[in-house]
Amino acid sequence: MSTPAPLPARYRIRVRGYLDPAWSTWFDSLTVAHPDDGTTELAGPLVDQAALFGLLARLRDLGVTLLLVERLTFDHGDAP
């Protein structure tokens, strides 16, 4: 009997500056939002830690300043 694969975890990542929403596919199809404070927020599910570290490496390669990485919890009945 095999163990079921864990569900993807949801993350919120905030960086300094403006990243165009057209880059969403390059950021594992995370939602790209622009709060009024001059930052860009990426949010959504990532399949595992390797996907998270890959995304962080892409942000590093762009030279953006990382402000926040937060694992989000699911509310009752939410799905990734």
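Look up: the structure comes first, before these words.
Digging into unusual backbone geometry
Even without being a glycine, aspartate 28 presents a positive backbone phi close to 55°. The topology assignment puts aspartate 28 in the loop between strand 1 (9-16) and strand 2 (31-33). The residue serine 29 is not glycine, and still its phi comes out positive at about 60°. Among the structural elements, serine 29 can be located in the loop between strand 1 and strand 2.

Considering helix 1 (residues 49-62)
Between its first and last C-alpha, helix 1 extends 20 Å over 14 residues, near the 20 Å set by a 1.5 Å rise per residue. When we look at burial in helix 1, the residues that qualify are Ala51, Leu52, Leu55 and Leu59. Angularly, the buried residues of helix 1 cover 105° about the axis, an arc narrow enough to put them on a single face. Exposed positions of helix 1 whose direction lies more than 90 degrees from the buried face are Ala50, Phe53, Arg60 and Asp61. Where helix 1 is buried, its residues touch strand 1, strand 3 (39-46) and strand 4 (66-72). With a side-chain oxygen positioned 3.2 Å from the backbone nitrogen of alanine 50, the residue opening helix 1 is aspartate 48. Of the residues trailing helix 1, glycine 63 is marked for its positive phi of about 80°.

Section: the pattern of salt bridges
This structure, assessed with the given rule, holds 5 salt bridges. Glutamate 70 is paired through a salt bridge with arginine 12; the nearest N and O atoms lie 2.4 Å apart. Here the residue glutamate 70 occupies a position in strand 4, and arginine 12 occupies one in strand 1, the gap between them amounting to 58 residues. Look at glutamate 70 and you get partly exposed, because its relative accessible area is 29%. On the accessibility criterion, arginine 12 (26% relative accessible area) is partly exposed. Here arginine 14 and aspartate 37 are joined by a salt bridge, their closest N and O atoms 3.0 Å apart. Of this pair, arginine 14 sits in strand 1 while aspartate 37 sits in the loop between strand 2 and strand 3, and the two are 23 residues apart along the sequence. What makes aspartate 37 partly exposed here is its relative accessible area of 47%.

Cut-offs and rules
- Residues numbered from 1 in each chain as written.
- Predicted model: local features only at pLDDT ≥ 70, side-chain atom pairs only at ≥ 80, totals over all residues.
- Heavy atoms only, no water.
- Helix = DSSP H or I, 4+ residues; strand = E, 2+ residues; numbered from the N terminus.
- Expected span 1.5 Å × (residues − 1).
- Buried < 20%, exposed > 50% of the residue type's maximum accessible area, 1.4 Å probe, protein only.
- Arc of directions from axis to C-beta.
- Contact = heavy atoms within 4.5 Å.
- Polar contact = N/O pair within 3.5 Å; in protein donor to acceptor, adjacent residues only side chain to side chain.
- Salt bridge = Lys/Arg side-chain N within 4 Å of Asp/Glu carboxyl O.

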